[in-house]
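Here is how the chains run, residue by residue.
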Amino acid sequence: MPILIPVEQVVIPPSVLFAGDTEITLLQASFNLQAALVFGGATTLVPTGGVIMLEGAAFSGGTSLSMLMGLQTLVSVQFDGDTAMAPTARLNDEPNVFPEVLFEGDASLALSAGLTQFLAVAFQSGTALAASATIERQPDVEFTLFVDVLDSAIVAAQAGNIRRYTARALVDSVEVPVRRAVLEAPENTLGMELQLTLARPLLSLITRSSSVTFQVGIWTGAAYQYVTLISGGKLSARQNTLKNNDGQRPADEVVVSIIDPVADRWNRAPRAPVYLYDPEKVPAPTQSEIAQQRVELDGGGFISPVYTPISGMRLRDVLTEAYVEGCGFAEVVSNIPNFPVREASFSLDGGYDGGVRPLLELFAPMLFADQSNRLFVIDPDSPLPGTMLAQPHPQSATRQLVDSLPQREPVNAILLQFQGADTGGETFTERLEQETSNSGQFGTPAYTSTAVTRRVREYRTVAEPLVVVREEVVDEEVETTDWEFNVIERTNRTDRFDALGRKTGFLMTTDRRLPDLNADGAYALLQNVLRTEQLITYKTNPLDSTQDVQDKVTTVESGLVLVDDGFEYLGEPYRIPLTDAHASGYIDPEGDMHTEQADIRTTTEQLRVRGQQVDVEVRVVNHVSNATQRNSTTSRPGAVTIDRSEQTASRTVLLTVPGTDTEGRRVQTFNAGELPADLAKELGLRRLARLNDPPRQIAVDRTFVDLSIRRGTLLRITGRGEASLGNYIVTGFSVAVEERREGGVVAETSLRARELKQ
Amino acid sequence: MSDQFTDNFNVPITYLSTQQVESADSSPIIVKVPAVALAWLSADDDAYVRVRARRNGTADPYVDLATDPIDLTPYDGTTAVFDLVIRTEAVADPVVSRAVQVRRTFNP
C-alpha cells in the first residue's frame, strides 16, 4: 500500500487500520497524527519535512521510520514488530521526546542529532541504540570576567591632581614629532581613527606603506611611561596646506589621518562566497543552486561558492567563522546566548561582518578588541547590577557632563514574531546595507552628501533555503548634508509587516533644516516637518480563495504648515506646507506668520483585480487647501496576489505590561527572526521595557586623560554632591593631545556612555 | 532554581567588567551557583588574573579556581553561595585587558 503525499498538511482520519504493508512518503508535509492508527503490516514512514508527532499509534509489523526533518514526539505508541528508527533533526534543537513508548520487538534507534528524552519507555527485546549526538554533556554554566590590569606606576601617576602627558607617533619605529594628535574611537565601529598634525610639514614623513604607532605618555615621577593606543596604523587620508602668514612667513601644515588595522580588518570579505548551514535543518545545495551563485572571472573561470555544513550549528560557530577565520581575530568572547543558527552567508561585497551582524543586531551588542587580538561581542544589557564593580567616575573628573534621556515611546504591548518549531513556509535573514553618495563638486554650494543605512530582509523558503525569493526593506535612515556639512535632511522610515510577512505599510519621519520663524528666520536645527504614514490592507482574491490581493493603500502626510495671519484667502489665513513655503521663498520672518502641525495630504490607492489586469484608482486630497488634487483610474497588466500558505512562517505572541490592559493597547511589533522562543520572548520583553524607558546617554568631557578607559568600560558616574547617576558603559571616546604655543602639552578626553539596564 | 550564576540580588550574571591595579585582590563578590552533583566550580587559568573563591559565610581559605576547582556535589540541588576574589598579577605593560571565564563545569 504505497502512499505518496507530496505537499501540505496530512489529514488522516482517526481509527484507521492499515492492515497490509504500508509505505508512506511525506514530502514537505506537516505530519501530525494523534489518532488510534493501527499499522498491521510492515510499515515504512519517510516524512521529509514538518513536525512529526505520533500519538496512540500501533505498529504491529516490522516498522521503519526515517524522519529527516522536524520535531519528533511519540506518545503512547507501540511497536510490536522489529523497529528501525532514524530521526535526524528537529527545528531549533527541540528534543525527541518518547513518553510511554513500547518496543516489543528488536529495536534499532539511530538518533543522529538532538537531545532525547525517554519517559516510561520499555524495550522488551534486543535493542540497538545509536544516539550519535543525542545524549549530550550538560553544557557549562558560565560568566565572563573582563579585567583591565593596570600598571601600578600608571595608577599612581593618574591619582594626583597635576599630571603630565605627552604623545608621540612612531613611523616605522622612528619618532616623528607632532603638534596635535586627536584619537577618535567612534560609537558603533570597532577601529579607531587618528589625526596627526605634523610638527614638520613634510609629506615624505608618512607614506602609504608606513606603519604608524601612536602612544600617549604619562609622567610617573621619573620618566614618561607610554601607553600604545594604535599599533600598525596605516595612512588613510592626508591634507597638505600651503599658506604664508603676513604674506611671507611660511605656515604650512600637513595633517594625516591614520586608521588602525582593526578597522581595516573589520571590512574583510571572503575570496569566494561562503555559506554555512546546518545540514540537519537545511538540505544540502543542489548543483543548480551552486551554479546560480557562481561569479565569472574577467579572465575566464569561475569563483564558486563554498558551502560548509556544520552539524548543530550555533551562533559561536558563525562568530568564529566570521571573526576568527575571516577577519583574523585570535578569539571571540561573547556573552550572547549561543542559540541555534540555521544558515549564514558571507558574500563578496557584504563581507564577514555583514554576514554575522543580522544575527547580532537584535542584541545591539558592543564590540571591542584588546591587545591580544581578541574580539569581544558583549550584550551590554545583561551585566551585573548594583555597584560592586563599576569603576567610579567622580564629579571631580568631570569638566562638562551632558545627561540626556532619549524620547520614550510609550507602549503597553508588543507583538513578538518569531519562527516556531511548527511553522513552515518562508524564512528570512537580514542584512545591513550602508552606502554614501555624493553629488556636485566638493567645496562648492552644489555639493551634497547622502548617507543611507538600511536593513534588508531576505526571504527564503524552507524547501530552498539558499535561494532568496524576495527582499523587503525593514527600515531605512537617510541623512543628507550640504557643502558646509550641515545636516539638511534626515528621514527615518520603518516598514511594518504582518504575521504572514506581508508589508502592511510604513512610518516615515522627515526632519529638515528650515528657517525658524521664532528666530528671525535663521536656519533652525532640524525640525520635524513631515510625517508620512502608510497603511496597506489585503483581502481575499475574489478569483481564488486561497490567495490574498492587495486591497487599499492609504498614505497620510502630516507636518508643519505655515499660517500667514497677515494674508487672508477666502476669509481664512493663508496656509501652505512649510517646505513648499521655503522652496517658493514665501517665508517672511517679519510678517505675521506662525507654524502649526496639521494634516497635509492623503493619498488613497484602491486596487481591483480583473484577471490579468488590475485597476488602480488613485485619490489625492489636499487638506491644506481642502481640495481634491487628483482622482484617476488606470488599468495595469499583472497580478497583485499573495499566496498565504507560502508566506506563513512565523508565530506571533502578544507581550504586555501587566496592569495596563484597561487603558487600551498601544502596540509595536518586534520580529525576533529565527531565535528560539524563550530567547525571543526575553528580547521582546526587553524591547518593551526599552520603548517605555530608554537608557540614558551621557557625554562627558573629562578633567584628565584616563588611559585605562576603553569601549566597554563600566563607569559609575556621579553628579552634583556625588549623587549617583547610575552605571554606564562607554560606547566611544576621544583623546586629544596638543602642544601649546607657550610650551607644554594639553591633553583632553571625552567619552560617550550608555546607561546599563536590566 | 535557575540554571545560571546570579548575584546576591538573584539577578543573573553574564559578565563582570572591572579595572584593578596589578598585584592586588578585589573586594569579595558574592556569587550564587546552582549546584549539581558531579559539577565543579572552576575558572580559566590566566597569567594575569586569578579567580579565587570560598564558601560565603565561612572563614575557609580562598582557593584558586583554576588550579583547585571546588566540588559542587555536596551542595547538589541547592544554590551554593561563594565569595569570589579577583587577584591580579604583576604586568609589564601599562594596561593589560584580560577575559577570564568562571564556570560550573563537569570537566574541570
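Scroll up to find the structure.
Note that this is a predicted model, so its numbers are computed, not measured.

Draft legend 1. Seen up close, the overall build of chain A. A tally of regular secondary structure across chain A gives eight helices and 57 strands. Residue pairs at least 24 apart in sequence account for 54% of intrachain contacts in chain A once pairs closer than 6 positions are excluded. For chain A, the accessible area works out to roughly 36000 Å², and carbon and sulfur atoms hold 49% of it.

Draft legend 2. Summary view of the interface of chain B and chain A. Listed by partner, the interface residues are 43 residues for chain B and 47 residues for chain A. Surface buried jointly by chain B and chain A totals about 4300 Å² across both partners, of which 56% is contributed by carbon and sulfur atoms. There are one salt bridge connecting chain B and chain A. A salt bridge links A:E142 to B:R103, with the nearest nitrogen and oxygen atoms 3.6 Å apart. The interface formed by chain B and chain A contains 17 residue pairs in polar contact (both at pLDDT 80 or more). Taken together, the elements giving at least two residues each to the side of chain B that touches chain A come down to β2 (15-21), β3 (29-34), β5 (49-55), β8 (79-88) and β9 (95-105) of chain B. Here the side of chain B that touches chain A takes eleven residues from β9(B), the largest share from any one element. In terms of residue class, the side of chain B that touches chain A is made up of 23 nonpolar, twelve polar and eight charged. The pairing of strand β19 (residues 141-150) of chain A with β2(B) spans seven bridges and is parallel. Within β2(B), the residue paired with A:L145 across the bridge is B:L16.

Draft legend 3. Just helix α4 (residues 315-326) of chain A, in detail. Residues and elements named next belong to chain A. Looking only at α4, the buried set comprises L315, V318, L319, A322, Y323 and G326. Seen end-on, α4 carries its buried residues on one side only, within an arc spanning 115 degrees. Among the residues trailing α4, G328 stands out with phi positive, at a value near 95 degrees.

Draft legend 4. Spotlight on the pattern of salt bridges. Counted under the stated rule, the structure contains 27 salt bridges over all chains. Linking A:R179 and A:E253 is a salt bridge whose minimum nitrogen-to-oxygen distance equals 3.2 Å. On the criterion of sequence distance, the pair formed by A:R179 in strand β22 (residues 178-185) and A:E253 in strand β28 (residues 253-259) is long-range, its members being 74 residues apart. For A:D353, the salt bridge goes to A:R357, with nearest N and O atoms at 3.1 Å. A residue pair is termed a helical-turn pair when its members lie 3 or 4 positions apart in one helix, as A:D353 and A:R357 do in helix α5 (residues 351-360) at four residues. The exposure class of A:R357 is buried, given its relative accessible area of 14%. Among the charged side chains, a salt-bridge network with shared partners connects A:E142, B:D44 and B:R103.

Draft legend 5. Inspection of the packing of aromatic side chains at higher detail. All names here are of chain A. Evaluated as defined, the whole model comprises 13 aromatic pairs over all chains. Ring geometry for F146 versus F368: centroids 6.3 Å apart, planes at 70 degrees, classification edge-to-face. Placement of the pair is F146 in strand β19 and F368 in strand β35 (residues 366-369), with a sequence separation of 222 residues. Neither F146 nor F368 differs from the other in exposure class; each is buried. Between F346 and Y352, the aromatic rings sit 5.4 Å apart at their centres with planes inclined by 50 degrees, giving tilted as the arrangement. By the burial criterion, F346 is buried, and Y352 matches it. Cluster of aromatic residues (ring-pair linked, three or more members): F567, Y569, Y574 and Y586. A cation over a ring is seen here: R164 above W219, with NZ or CZ 4.3 Å from the ring centre.

Draft legend 6. Structural detail: the sheet that holds β9(B). A sheet is described by the order of its strands in space; here five strands give the open sequence β2(B)-β19(A)-β9(B)-β4(B)-β7(B), paired in mixed fashion. Each having just a single partner strand, β2 and β7 (70-71) of chain B make up the two edges of the open sheet. Sheet topology places strand β4 (residues 40-43) of chain B next to β7(B); two bridges connect them, and they run antiparallel. Bridging across to β7(B), B:W40 finds its partner in B:D71.

Draft legend 7. Molecular detail of the sheet that holds strand β36 (residues 374-378) of chain A. Residue and element names in this part refer to chain A. As summarised here, the arrangement of the three strands in space is β33-β36-β35, forming an open sheet in which the pairing is mixed. Of all the strands in the sheet, the pair left with one neighbour each is β33 (331-334) and β35. Ignoring which end each strand starts from, the neighbouring axes of this sheet average 20 degrees apart. Note that β33 and β36 share four bridges and pair parallel. Across the sheet, residue S334 finds its bridge partner in β36, namely V377. Set on the sheet, α4 makes contact with β33, β35 and β36; between it and β33 the angle comes to about 135 degrees.

Draft legend 8. The arrangement of the packing of α4(A) against α5(A) in detail. Residue and element names in this part refer to chain A. Close contact between α4 and α5 brings their axes to 10 Å; oriented N to C, the two are set at 155 degrees. Taken together, α4 and α5 sit at an angle that is classed as roughly antiparallel. In this structure, α4 meets α5 at a crossing whose hand is left-handed. Judged by residue contacts, L315, V318, L319, E321, A322, Y323 and G326 of α4 engage Y352, D353, V356, R357, L359 and L360 from α5.

Draft legend 9. Representation of the pairing of strand β49 (residues 613-622) of chain A in the model. Residue and element names in this part refer to chain A. Of all the ten residues making up β49, seven are buried; the element is thus mostly covered by neighbouring parts of the structure. Note that strand β48 (residues 593-610) and β49 share ten bridges and pair antiparallel. The residue bridging T602 from the neighbouring strand is V621, located in β49. By the bridge criterion, ten bridges tie β49 to strand β50 (residues 627-637) in an arrangement that is antiparallel. When the bridges of β50 are listed, N622 appears paired with A627. Counted between consecutive antiparallel strands, the loop separating β49 from β50 contains four residues, among which N626 sits at a positive phi close to 55 degrees.

About the cut-offs
- Residues numbered from 1 in each chain as written.
- Chains lettered and ligands numbered in written order.
- Predicted model: local features only at pLDDT ≥ 70, side-chain atom pairs only at ≥ 80, totals over all residues.
- Heavy atoms only, no water.
- Helix = DSSP H or I, 4+ residues; strand = E, 2+ residues; numbered from the N terminus.
- Contact = heavy atoms within 4.5 Å.
- Areas by Shrake-Rupley, 256 points an atom, 1.4 Å probe, with all protein chains shown as cover.
- Buried area = accessible area lost by both parts, 1.4 Å probe.
- Salt bridge = Lys/Arg side-chain N within 4 Å of Asp/Glu carboxyl O.
- Polar contact = N/O pair within 3.5 Å; in protein donor to acceptor, adjacent residues only side chain to side chain.
- Nonpolar A, V, L, I, M, F, W, Y, C, P; charged D, E, K, R; others polar.
- Pairing = 2+ DSSP bridges.
- Buried < 20%, exposed > 50% of the residue type's maximum accessible area, 1.4 Å probe, protein only.
- Arc of directions from axis to C-beta.
- Phe/Tyr/Trp six-rings, centres within 6.5 Å; stacked < 30°, edge-to-face > 60°.
- Lys NZ or Arg CZ within 6 Å of the ring centre and 35° of its normal.
- Axes fitted to C-alpha atoms, helices over the stretch in contact; angles between N-to-C directions.
- Parallel < 35°, antiparallel > 145°, perpendicular 65-115°, else oblique.
- Left-handed = near helix turned anticlockwise from the far one by under 90°.

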